[in-house]
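# A structural walkthrough
Here is what each chain is made of, one letter per residue.
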Amino acid sequence: MAEAPFSVFSDDQPVTSNYENSSLYVLEWLLRRIGLPDKIIVKDVCLAKYSPRLLHWVVTQNWLPSNSVIEKNPAFFNTRDIVILKIISGFPILTKEKLREQVIFDTHLGDWIVAFGNWEFDPLKLSNPFGHNISKVHVWQGYEVKVVPSQIQRFVSRNIGLVPHLCFVVLDQRIFTSVVISAPFSPQAPKMSITQSLSTPLSSSSSTFLAPSTFNPRSQVTLPVKSLGVCKCIAAPQEADTAYKTKVSRNGNIAKLQAGYLFPEIARRRNAHLLKYPDAKVISLGIGDTTEPIPDAITSAMSKRSHALSTVEGYSGYGAEQGEKPLRSAIASTFYRDLGIEDDDIFVSDGAKCDISRLQIVFGSKIKMAVQDPSYPAYVDSSVIMGQTGYYQKDVEKFANIEYMRCNPENGFFPDLSSISRPDIIFFCSPNNPTGAAATREQLTQLVKFAKDNGSIIIYDSAYAMYISGDNPRSIFEIPGAKEVALEVSSFSKYAGFTGVRLGWTVIPKQLLFSDGFPVAKDFNRIVCTCFNGASNISQAGGLACLSPDGLKAMQDVIGFYKENTNIIVETFDSLGFKVYGGKDAPYVWVHFPGRNSWDVFAEILEKTHVVTTPGSGFGPGGEGFVRVSAFGHRENVLEACRRFKELYK
Amino acid sequence: MYKTSIFSYTLNTNVLQPKMVVARLKNPSPRIGHCTKVPRNSNMEKLQHGYLFPEIERHEHMHLQKYPHANIIDLGIGDTTEPLPTMVTSSMVDFVLGLSTSKGYKGYGPEQGEQALRKAIADVYYKDLGIKPTEVFVSDGAQCDITRLQLLMGPNLKIAVQDPSFPAYIDSSVIIGQAGDFVDKVGKYKNIEYMKCGPQTNFFPDLHKASRPELIFFCSPNNPTGHAATRKQLEQLVDFAKVNGSIIIFDSAYSAYITDDSPKSIFEIPGAREVAIEVSSFSKFAGFTGVRLGWTVVPEELLYSNGFPVVHDFNRIMCTCFNGASNIAQAGGLACLSPEGFRAVKSLINYYMENASILVNALSSLGLTVYGGKNAPYVWVHFPGSKSWNVFAEILEKTHIITVPGSGFGPGGEEYIRVSAFGQRDSIIEASERLKYLLYQEEN
């Protein structure tokens with residue numbers, strides 16, 4: 001590590017031609033202005049080796065920033081920042097009013113959630129990057145910048161023996177960055193003098209830290225308030241050492257979870273893109289969120305139920321934990337007619353994701369699971385939380401003790417079961433998210449046989465079953481013998497646009513038994529009664545309306561609409577000569593880009609067409625080389641996106 | 001005292017003794033047919049019997065079969081009975097109708113709840129307590145959050161519960177694998193610290209006797225005893241947690257029922273932010289038992305032993321194992337916290353509390369020792385020397401009133417029954433009359 005009066009350097013960006021335009025220059029300039037002593041190494045957060053990973057770690061914690069980092073203040077720039085941002089060009093979306101809009105806010109939120117660099121980072125494994133006290137200053141993450149909570153900073157800094165001293169925000173070219181200068185704690189450290197000397201010159205300075213791409217330290221924008229504000233963290237360092245801690249140890253299973261999560265990373269890329277092209281009309285075909293209104297037939301039933309709750313006759317308190325009888329019965333007769341599923345095999349819930357966790361609780365920590373690769377991330381994450389897995393193995397991008405069943409075009413998106421070692425639980429999603437492949441009757445018959453031979457239990461996720469066009473099975477229970485080896489999880493989310501209303505169900509046949517002969521349904525019932533208290537009665541009223549003749553037709557219309565979207569997308573990629581999978585039985589189109597990295601393709605599409613997709617590798621190593629295009633969207637957006645695809649790949 | 005003797009007199013103990021007390025969820029006889037090779041989760045096997053309330057429901061069904069025309073009054077489960085204020089339902093109606101328009105349609109919301117609702121909870125419920133909206137996690141109810149908190153904490157820790165207490169604390173602890181084996185002799189799980197809360201100690205545990213737990217479940221106003229811990233008691237509790245490095249999970253689902261100046265939130269106690277999580281709910285506060293809405297507050301200052309903030313792991317759990325409360329319920333919750341809505345739900349609470357005093361008066365006039373009912377919608381009645389389940393069964397048999405046997409809440413609840421004040425006024429008065437008549441009959 002170089003030691004110089006002002007050694008400003010970078011690990012991943014040449015400090016050469018555009019040095020004057022870089023935030024490094026700002027830092028150096030700042031440090032000269034505040035007259036810090038010699039022998040300082042400045043590490044720019046957005047460029048240096050350690051800090052960006054720290055920053056990255058902090059902001060990639062899926063669980064972390066969305067609630068405590070950004071949402072501390074919906075406008076995550078302080079008042080002064082907003083004033084500044086308003087008067088500089090290039091950031092029209094950062095006005096206070098705009099930031100109050102959910103979409104804009106979410107956009108930025110996502111941007112912060114996933115910052116820069118690698119995906120794995122453990123702060124506890126960090127050592128003091130400066131070692132042996134060779135330096136006094138370290139650039140660190142912010143406090144008043146409303147990006148990273150002070151406790152996290154303290155936690156991280158304590159673990160590498162540094163104390164945050166001051167921080168400020170640098171807006172580098174197109175990337176927002178926050179930095180803090182930290183120094184090893186020593187009682188004699190001139191903390192206050194740094195504060196004062198920083199605040200004084202800055203308040204009279206005319207330099208900008210919030211300039212867009214044409215950064216110029218002599219422009220008219222000032223940032224005194226920001227700097228004053230961030231200096232408050234200087235008052236806090238001792239707290240870092242004395243903060244009260246309970247004696248309760250952190251749950252080791254949760255610590256195993258990987259920091260990065262697919263959708264926040266996509267949101268980040270989209271936002272970076274928006275900053276680069278503020279006027280671009282970005283179309284999102286990424287996350288599979290429904291966009292079309294709920295049919296009147298269904299909302300009117302829910303509004304009726306809501307209204308009835310204010311009447312003596314219509315009020316109802318706790319319902320049955322397993323769901324209201326008419327709804328259970330309607331689900332059984334609509335989706336499982338002639339399949340031998342009885343009303344009381346149906347457990348109504350607040351959604352498939354929640355049921356997956358409850359099922360993991362039923363099965364406990366001592367089982368081994370298998371999962372399709374690629375697949376929906378919640379299966380693996382819930383398994384990790386329950387303690388069924390080992391650690392994450394970075395080299396293969398898999399958790400130990402989970403069987404990843406590769407599904408690709410070569411095997412018809414159905415795993416080679418002969419190569420799978422015996423699992424207790426098999427998660428199987430069909431029609432599959434993300435590949436869009438619906439398993440054939442023959443494939444499912446194989447799967448059921450495999451489960452039976454191995455004494456495994458299949459957790460069959462049929463959340464997209466109504467999108468099936470041909471005669472592929474819509475339920476695992478269409479396969480003879482499945483009732484002895486399978487349970488099924490499903491949802492109203494993608495049928496009736498209930499993603500926000502929350503309603504799903506799980507089917508557990510009485511014939512499904514543990515090795516000692518005890519029925520799985522009984523234990524699940526116990527979990528539902530102890531760990532859940534029923535789905536909202538209003539949602540259930542909506543669910544019941546969905547299954548009336550009018551409701552079914554209305555749902556079919558909505559599904560039909562999304563399926564038309566799907567056709568448009570499939571035809572577009574087909575006509576461009578791509579290998580396209582899925583789309584026939586699912587609202588997802590799985591496009592093959594042989595030999596290419598998913599993230600590169602994703603970036604290329606975004607850069608050139610302003611369309612957001614999902615890189616296949618985000619669903620597991622088996623998704624590499626693919627991109628998922630979702631058909632959830634307004635028609636004009638889908639058409640426009642396809643026009644742009646044709647432009648790009650003609 | 002002879003007046004109470006009727007309750008220790010039992011017609012036929014064997015018949016009245018409910019089956020659930022002896023039945024274990026072990027498979028009686030292996031079934032014929034295909035068994036998978038997946039072993040049953042041993043934690044599930046440790047659960048002692050059916051969950052209390054479904055079990056009571058079963059008794060109700062049996063009773064109805066015996067007396068098909070009986071007019072049963074349910075003062076058992078504690079289910080709200082009064083309609084929601086129109087102001088609240090109309091905002092839900094508006095929201096629902098909006099969902100069928102392209103402007104008003106909403107898909108997935110944030111897993112932690114809508115910003116506006118989180119802020120309203122922080123502002124209205126925790127006014128002046130410095131709770132930030134980001135520390136509030138909206139959920140589909142307290143019972144669900146308790147399980148998510150157990151998932152968060154994992155199997156390797158020791159919990160303490162008030163005895164008696166709401167059964168979900170212990171059951172979720174057993175399910176997650178914290179509890180150890182059940183010891184039949186004492187009716188307790190080996191690795192759970194039962195903190196006895198009886199009238200002798202003003203329903204507050206003798207903390208000197210409690211060995212160091214990692215998690216302390218504490219419910220105030222308490223379900224079932226109805227006791228709201230005093231400020232001094234809660235200060236002791238926070239102090240105990242701090243000395244022991246424990247985390248308190250404070251259940252304040254009934255705090256809106258407090259009529260005196262007992263703290264409504266654990267965060268009224270200085271230092272609680274470093275040791276406590278609070279779970280609460282719209283169920284009893286606004287009659288949302290069926291609509292499903294609750295919340296949990298995890299302060300940023302609450303840290304694991306390695307200094308890692310608990311709030312971040314809880315957020316991860318919420319994002320992975322939950323997908324947000326129904327947006328319709330959230331719209332209703334927001335309406336409850338508007339000034340007008342708040343007044344309206346407050347009047348519901350007053351109604352139930354009037355019920356409580358009617359029941360307290362009736363039961364006291366019978367010469368029974370009665371606790372609770374002042375800061376909570378539950379009345380806790382003592383029947384010295386009687387088995388709770390026998391008292392429950394006798395009351396059901398003779399008056400067609402459903403109560404809850406105290407022992408269902410833990411060994412410390414033996415000799416008590418809980419009477420809920422949730423009910424329509426007519427039923428409450430009718431129930432009081434029936435109880436008085438039962439006594440009159442027995443006397444003559």
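Just so it is clear, the structure is predicted and the values come from calculations on it, not from any experiment. Residue numbering note: each chain is counted from 1, following its sequence as written. As a convention, the first chain written is A and the first ligand written is 1, with the rest following in written order. Reporting of local features is limited, given that this is a predicted model, to residues whose pLDDT is at least 70; pairs of side-chain atoms are given and counted only at 80 or more, and all residues count toward the totals for whole chains, interfaces and linings. No hydrogens and no water enter the side-chain calculation; it runs on all heavy atoms of the structure.

## Considering the sheet that holds strand β17 (residues 588-592) of chain A
Residues and elements named next belong to chain A. In short, DSSP must find at least two bridges between two strands for them to pair. Secondary structure follows DSSP: runs of H or I at least 4 residues long count as helices, runs of E at least 2 residues long count as strands, and numbering of each begins at the N terminus. Strand order in the open sheet formed by four strands is β16-β17-β20-β19, with antiparallel pairing between adjacent strands. Strands with a single pairing partner mark the edges of an open sheet, and in this sheet they are β16 (579-582) and β19 (614-615). In this structure, β19 lies alongside strand β20 (residues 626-630), joined through two bridges in antiparallel fashion. Bridge assignment links P615 to a residue of β20, and that residue is V627.

## A short note on the packing of helix α13 (residues 296-308) of chain A against helix α20 (residues 537-546) of chain A
Each pair of packed helices gets described by two things: the angle between the helix axes and the distance between those axes. Residue and element names in this part refer to chain A. The contact between α13 and α20 brings their axes to 8 Å, and the two run at 145 degrees. At the point where α13 passes α20, the crossing takes the right-handed sense. Mapping the contact onto sequence places A297, I298, A301, M302, R305 and S306 in α13 and N537, I538, S539, A541, G542, A545 and C546 in α20. Amino acids outside the nonpolar list (Ala, Val, Leu, Ile, Met, Phe, Trp, Tyr, Cys, Pro) and the charged list (Asp, Glu, Lys, Arg) are all regarded as polar, and Gly is one of them. A breakdown of the residues in the contact of α13 with α20 according to their chemical character gives eight nonpolar, four polar and one charged. The axes are straight lines fitted to the C-alpha atoms, using for helices just the contacting stretch, and the angles between their N-to-C directions are given from 0 to 180°. Helix crossings are classified by the rotation of the near helix relative to the far one: an anticlockwise turn of less than a right angle makes the crossing left-handed, while a clockwise turn makes it right-handed. Two residues form a contact once any of their heavy atoms are found within 4.5 Å.

## Topic: helix α4 (residues 52-66) of chain B
Spacing of three or four residues puts side chains on the same side of an α-helix, whose turn is 3.6 residues. Residues and elements named next belong to chain B. Expected helix span is taken as 1.5 Å per residue step, with the number of steps being one fewer than the number of residues. When the terminal C-alpha atoms of α4 are compared, their 21 Å separation across 15 residues agrees well with the 21 Å that a helix rising 1.5 Å per residue should span. Exposed residues in this analysis have more than 50% of their type's maximum accessible area, buried residues have under 20%, and partly exposed residues fall in between, with area computed by a 1.4 Å probe over protein chains only. All buried positions along α4 are accounted for by L52, F53, E55, I56, H59, E60 and H63. Across the axial projection of α4, the buried residues extend over an arc of 155 degrees, all falling on one side. As used here, the arc belongs to the directions running from the helix axis to the C-beta atoms.

## Some points on the interface of chain A and chain B
Counting residues at the interface gives 106 residues for chain A, matched by 109 residues for chain B. Once two parts are joined, some of their accessible surface, as seen by a 1.4 Å probe, is lost; buried area is that loss totalled over both. Contact between chain A and chain B buries roughly 9200 Å² in total, counting both sides, with carbon and sulfur atoms accounting for 58%. Just to be clear on terms, a salt bridge is a Lys or Arg side-chain nitrogen sitting within 4 Å of an Asp or Glu carboxyl oxygen. On inspection of chain A and its partner chain B, the count reaches five salt bridges. A salt bridge links R40(B) to D523(A), with the nearest nitrogen and oxygen atoms 2.6 Å apart. Pairs of N or O atoms within 3.5 Å make up the polar contacts considered here, provided that, within protein, one atom can donate a hydrogen while the other can accept it, and that residues adjacent in sequence are counted only when both atoms are side-chain atoms. For the pair chain A and chain B, the number of links is 44 residue pairs in polar contact (both at pLDDT 80 or more). Each residue belonging to the side of chain A that touches chain B can be placed in one class, and the counts come to 43 nonpolar, 39 polar and 24 charged.

## Some details on helix α16 (residues 378-386) of chain A
Residues and elements named next belong to chain A. Within α16, nine of the nine residues are buried, which leaves it mostly tucked inside the rest of the structure. What α16 keeps buried is the set A378, Y379, V380, D381, S382, S383, V384, I385 and M386. Downstream of α16 by one or two residues, G387 has phi in the positive range, about 90 degrees.

## Focus on unusual backbone geometry
With an omega of 5 degrees, the peptide bond between D373(A) and P374(A) qualifies as cis. Secondary-structure assignment places P374(A) in the loop between β8 (369-373) and α16. A cis amide bond, omega 20 degrees, links N433(A) with the succeeding residue P434(A). For P434(A), the position within the fold is in the loop between β12 (425-429) and α17 (441-454). The phi dihedral of R502(A) falls on the positive side, at around 70 degrees, and the residue is not glycine. For R502(A), the position within the fold is in the loop between α18 (493-496) and β15 (504-507). Under the relative-accessibility criterion, R502(A) is labelled buried at 4%. Residues other than glycine seldom take positive phi values, yet N202(B) does so here, at roughly 55 degrees. Positionally, N202(B) belongs in the loop between β6 (192-196) and β7 (215-219).

## Quick notes on the pattern of salt bridges
Working definition: two side chains of opposite charge can pair if their charged atoms are close together. Here the structure, examined in full by the defined rule, presents 42 salt bridges over all chains. Of the charged contacts, one joins D381(A) and R316(B) as a salt bridge, the two residues approaching to 3.6 Å between their closest N and O atoms. In this pair, D381(A) sits in helix α16 while R316(B) sits in helix α11 (residues 310-321), so the two residues belong to two different chains. On the basis of relative accessibility, which here comes to 11%, the residue D381(A) falls in the buried class. A salt bridge links K374(B) to D260(B), with the nearest nitrogen and oxygen atoms 3.2 Å apart. Of the two residues, K374(B) is situated in the loop between β11 (369-372) and β12 (378-382) and D260(B) in the loop between β8 (247-251) and β9 (276-281); the sequence distance between them amounts to 114 residues.

## Thoughts on a negative patch on the surface
The patches described consist of residues with a relative accessible area above 30% and no salt bridge, like charges being joined within 9 Å and nonpolar side chains (Val, Leu, Ile, Met, Phe, Trp, Tyr) within 5 Å. Each accessible area is a Shrake-Rupley result for a 1.4 Å probe, and residues are judged covered by the shown protein chains and nothing else. When charges are tallied, Lys and Arg are placed among the positive residues and Asp and Glu among the negative ones, while His and the ends of the chain are skipped. For the purpose of locating charges, the reference atoms are NZ of Lys, CZ of Arg, CG of Asp and CD of Glu. Together, D395(A), E397(A), D600(A) and E624(A) give the surface a local cluster of negative charge. Among the secondary structure elements, E624(A) is positioned in the loop between β19 and β20.

## Focus: the confidence of the model for chain A
All names here are of chain A. Per-residue confidence for chain A gives a mean pLDDT of 73; residues scoring 70 or more make up 62%. Note on residues 1-26: pLDDT under 50 across the span, and 64 contacts to partners over four residues away in sequence or across chains. Taken together, the stretch residues 33-78 has pLDDT below 50 and engages in 187 contacts with residues farther than four places along the chain or on a different chain. Values of pLDDT, ranging from 0 to 100, describe the predictor's confidence in every residue of the model.

## Quick word on the side chain of D145(B)
When you line up the elements, D145(B) lands in helix α7 (residues 142-153). Residue classification places D145(B) among the buried positions, given a relative accessible area of 0%.

## Comments concerning the domain arrangement of chain B
All names here are of chain B. Either an automatic procedure or a domain database provided the assignment from which the domain bounds are taken. When cut into domains, chain B gives domain 1 (4-26 + 40-82 + 343-443) and domain 2 (86-340). Here the C-alpha centroids of domain 1 and domain 2 sit 25 Å apart. The partner domain 2 presents 47 residues to the 37 residues of domain 1 that form the contact. In total, domain 1 and domain 2 occlude about 3400 Å² of area from one another, counting both sides; carbon and sulfur atoms represent 59% of this. Counting every contact that joins domain 1 to domain 2 gives one salt bridge. Along the contact surface separating domain 1 from domain 2 lie 18 residue pairs in polar contact (both at pLDDT 80 or more). Elements that contribute at least two residues to the side of domain 1 that touches domain 2 include exactly α3 (42-46), α4, α13 (339-365), β11, β12 and β15 (416-420). The element best represented in the side of domain 1 that touches domain 2 is α13, accounting for eight residues. Looking at side-chain class alone, the side of domain 1 that touches domain 2 contains 20 nonpolar, ten polar and seven charged residues.

## Concerning the packing of aromatic side chains
Geometry of aromatic contacts follows a simple scheme: Phe, Tyr and Trp rings, the Trp one being its six-membered ring, pair when their centres are within 6.5 Å, and the pair is stacked under 30 degrees between planes, edge-to-face over 60, tilted otherwise. On inspection of all chains with the given rule, the structure shows 54 aromatic pairs over all chains. Measuring from ring centre to ring centre gives 6.4 Å for Y464(A) and Y467(A), while their planes differ by 55 degrees; the resulting arrangement is tilted. Residue Y464(A) is classed as buried on the basis of its relative accessible area, which comes to 5%. Taking 4.9 Å as the distance between ring centres and 20 degrees as the angle between the ring planes, the aromatic pair formed by Y169(B) and F217(B) counts as stacked. Taken as a pair, Y169(B) in helix α8 (residues 167-176) and F217(B) in strand β7 lie far apart in primary sequence, 48 residues in all. There is no split in this pair, since Y169(B) and F217(B) are both buried. By the ring-pair criterion, three or more aromatic residues cluster together here, those being Y125(B), Y126(B), F267(B), F282(B), F285(B), F288(B), W295(B) and F342(B). Only when the NZ atom of a Lys or the CZ atom of an Arg is both within 6 Å of the ring centre and within 35 degrees of the ring normal do we say a charge sits over the ring. For the cation-ring pair, K256(A) lies above Y391(A), with the distance from its terminal atom to the ring centre recorded as 5.5 Å. The ring of Y378(B) is capped by R418(B), whose NZ or CZ atom sits 3.9 Å from the centre of that ring.

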